[in-house]
Amino acid sequence: MSATPPESRTERRTRVTVLVALAANLVIAVAKAVGGLVAGSPALLSEAAHSVADSLNEVFLLAALRRSRRPADRRHPFGYGKERYFWSLLAAVGIFVMGGCFSFFQGFQALTGGGEEEFTGYVAGLVVLVVALLAEGASLLRALYQVRRQGGGADGMRDPALRTVVAEDGTAVLGVTLAITGMALHMVTGQAVWEASASLAIGALLVYVAYRLGRDARDQLIGEAADPRASGRIRALLEAQPEIDSVEALLTMKTGLDSALVAARVDLMPGLDSERVEEVAVRIKRSICSTVPEADQVFLDVTDRYAREAHESPAATGERGGA
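Keep in mind the model is a prediction, meaning the values are calculated, not measured.

Novice: Can you lay out the overall build of the protein chain for me, pointing to particular residues and giving the numbers?
Specialist: A tally of helices and strands in the protein chain yields 11 helices and 3 strands. When the elements of the protein chain are put in sequence order from the N terminus, they spell out α-α-α-α-α-α-α-α-β-β-α-β-α-α. Out of the 323 residues belonging to the protein chain, those deemed buried represent 43%. Long-range pairs, those at least 24 residues apart, make up 76% of the contacts in the protein chain with a sequence separation of at least 6. Here the protein chain displays about 16300 Å² of accessible surface, and carbon together with sulfur accounts for 63% of that area.

Novice: I'd love a proper account of a positive patch on the surface, names of residues and values included.
Specialist: On the surface, a cluster of positive charge is contributed by Arg-9, Arg-12, Arg-148 and Arg-149. Within the residue set of the positive patch, elements represented by two or more residues are helix H1 (9-39) and helix H4 (122-149). Note that Arg-12 resides in helix H1. Residue classification places Arg-12 among the partly exposed positions, given a relative accessible area of 38%.

Novice: Outline the packing of H4 against helix H6 (residues 160-189), supporting the account with residue identities and numerical values.
Specialist: Following both chains from N to C, one finds H4 and H6 inclined at 155 degrees, their axes separated by 9 Å at the closest point. Considered as vectors, H4 and H6 are oriented roughly antiparallel to each other. As H4 packs across H6, the resulting crossing turns out to be left-handed. Of the residues contributing to the contact of H4 with H6, the split by class is 22 nonpolar, 7 polar and 2 charged.

Novice: Please give an account of the pairing of strand E1 (residues 244-256) that cites residues and values.
Specialist: Judged from the 10 bridges that link them, E1 and strand E2 (residues 259-268) form a sheet pairing that is antiparallel. Residue Gly-256 lies in a different strand from E2, and its bridge partner there is Ser-259. What sits between the antiparallel neighbours E1 and E2 is a turn of 2 residues.

Novice: If you had to explain the nonpolar core to someone new, which residues and values would you point to?
Specialist: Grouped burial of nonpolar side chains is what soluble globular proteins tend to show. Counting 20 residues, the largest nonpolar core has Ala-43, Ile-95, Leu-129, Ala-179, Met-183 and Leu-213 as its most contacted members. Sorting the residues of this core by element identifies H1, helix H2 (42-67), helix H3 (83-113), H4, H6 and helix H7 (192-221) as the ones contributing at least two each. When residues in this core are grouped by element, the largest group, 6 residues, is from H7. If we ignore the near neighbours within four places in the chain, the residues touching Ile-95 are Ala-53, Asp-54, Asn-57, Gly-100, Glu-168, Leu-206, Ala-210 and Leu-213. By size, the runner-up hydrophobic cluster in this structure holds 19 residues, among which are Leu-250, Ala-264, Val-266 and Ala-281.

Novice: Quick one: what's the story with the pattern of salt bridges, residue by residue and with numbers?
Specialist: Pairing is possible between side chains of opposite charge, provided their charged atoms come close. One pass over the structure, following the stated rule, counts 11 salt bridges. Linking Glu-83 and Arg-67 is a salt bridge whose minimum nitrogen-to-oxygen distance equals 3.4 Å. Here Glu-83, found in helix H3, pairs with Arg-67, found in helix H2; they are 16 residues apart in sequence, far enough to count as distant. Relative accessible area serves as the criterion here: at 34%, Arg-67 is assigned to the partly exposed category. With a closest N to O distance of 2.7 Å, Arg-283 and Glu-243 form a salt bridge. Residue Arg-283 is located in helix H9 (residues 274-291), and its partner Glu-243 is located in the loop between helix H8 (228-239) and E1; the two are separated by 40 residues in the primary sequence. One connected set of salt bridges, linked through shared partners, spans Glu-243, Arg-276, Glu-279 and Arg-283.

Novice: Tell me what's going on with the confidence of the model for the protein chain, and back it up with residues and numbers.
Specialist: Averaged over all residues, the pLDDT of the protein chain is 81; the fraction at 70 or higher stands at 87%. Confidence over residues 315-323 falls short of pLDDT 50; this stretch has 5 contacts with residues more than four positions distant or in other chains.

Novice: Could you give an account of the packing of aromatic side chains, naming the residues involved and the relevant values?
Specialist: Describing an aromatic ring pair means giving the distance of the ring centres and the angle of the ring planes. Applying the stated rule across the entire model yields 3 aromatic pairs. Arranged with centres 5.8 Å apart and planes meeting at 45 degrees, the rings of Phe-60 and Trp-87 form a pair that is tilted. Pair noted here: Phe-60 is in helix H2 and Trp-87 is in helix H3, with a separation of 27 residues, a long-range link. Exposure class is identical for Phe-60 and Trp-87. Each is buried. When the centroid spacing of 5.4 Å and the interplanar angle of 80 degrees are considered together, the rings of Phe-86 and Trp-87 count as edge-to-face. On the accessibility criterion, Phe-86 (37% relative accessible area) is partly exposed. A residue is classified by how much of its surface remains accessible, and Trp-87, at 16% relative accessible area, is buried.

Criteria and cut-off values
- Residues numbered from 1 in each chain as written.
- Predicted model: local features only at pLDDT ≥ 70, side-chain atom pairs only at ≥ 80, totals over all residues.
- Heavy atoms only, no water.
- Helix = DSSP H or I, 4+ residues; strand = E, 2+ residues; numbered from the N terminus.
- Buried < 20%, exposed > 50% of the residue type's maximum accessible area, 1.4 Å probe, protein only.
- Contact = heavy atoms within 4.5 Å.
- Areas by Shrake-Rupley, 256 points an atom, 1.4 Å probe, with all protein chains shown as cover.
- Patch = residues over 30% accessible without salt bridge, like charges linked within 9 Å, V, L, I, M, F, W, Y side chains within 5 Å.
- Salt bridge = Lys/Arg side-chain N within 4 Å of Asp/Glu carboxyl O.
- Lys, Arg positive; Asp, Glu negative; His and termini not counted.
- Charge placed at Lys NZ, Arg CZ, Asp CG, Glu CD.
- Axes fitted to C-alpha atoms, helices over the stretch in contact; angles between N-to-C directions.
- Parallel < 35°, antiparallel > 145°, perpendicular 65-115°, else oblique.
- Left-handed = near helix turned anticlockwise from the far one by under 90°.
- Nonpolar A, V, L, I, M, F, W, Y, C, P; charged D, E, K, R; others polar.
- Pairing = 2+ DSSP bridges.
- Core = buried A, V, L, I, M, F, W, Y, C linked by side-chain atoms within 4.5 Å.
- pLDDT = per-residue confidence, 0-100.
- Phe/Tyr/Trp six-rings, centres within 6.5 Å; stacked < 30°, edge-to-face > 60°.

Here is the structure:
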C-alpha cells in the first residue's frame, strides 16, 4: 500500500487557517453563550449557536484535509481527493441545522414571547460581541491573506476548506454586526422587534451561506468538469499533434483539489502502424500531464477514422453479411 504523500506548503497553510478559526470560534462560542444567558438576549444566543456550528464545521474541515491526502488504493483507484467536498457538504449542513434553524427559533420566540423588558447584562453582552467582532475579523483577515497568497480570486478559492472558512468568517463578522445593531436598538427603543429581526436576519444569512457552500460541494461530488482553461489547453494540444486528424470527444472530471481525469477520443491520420500509434499515444499522454499538471489520469481512445468509416460503410456491411 502506498504511503500518504507529504503535506504540501499550501495544505499546511490551510490547516493553520482552519485551526486559527477553530480556536477563535471555540472561545467566542463560550463567551457568547454565557453573555446570552445572562442578558437573555436572543440575538446573542443566535450568535452563540452560530459560533458552535462554525466550530463543528472546522472539525469537519480538519478531517477533510487529513483524509483527502490518502493515496489511491484498490477500492478507490482515483484517490480520496473528493473527501474534501464531502466534508465541506457536511459543514454546510451543520451551518444550516445548528446555526440557521436555531437563529430562526430565537427570532420567532422573541417576537411572540412578550413579557417585561429587562436589559440586565446587555452592556456585558455588547462587550462580548465587540470582542467577538475583533476575533472573527482577525480570523477572516488570516483566511483572506492566504487566498491572496494562492493567487486571489477564483484560483485562491479553489480549496473547499479555505472557501468554507472565508464564508464562515465573513458571515460571522456580518452576523455579529447584526446582533450588535439589534441589541443596541432594543436598548434604545425598548422594542424587542429589533433584536428579533436581527436573529431572523442572522438565520437567513446562515441558510443562504449553507446553500451556496452545499451547492458547490454537490457540483464537485457528482463529477464537475475540470477548469475550462485547462480543458482548452488540452484540446489545443491534441489538435496541434500532426498525427491527429480530429478530436471527436474530450471529457474531464475533477477527482480532487489538484487532480483531474481526462478522457479523449481522437481520430488519427491514415497510414500509421500499431507501433507508431502506441508511440504517439504515450507521447500525447506525457504532453498532457506536463501541460496540465492536475491531469494525473489520462485515457486516450485512438482510432483511424478512414479505416473505421470503411469498416462501417454499407458496402462493407453487405459483404460481411453475405459472407
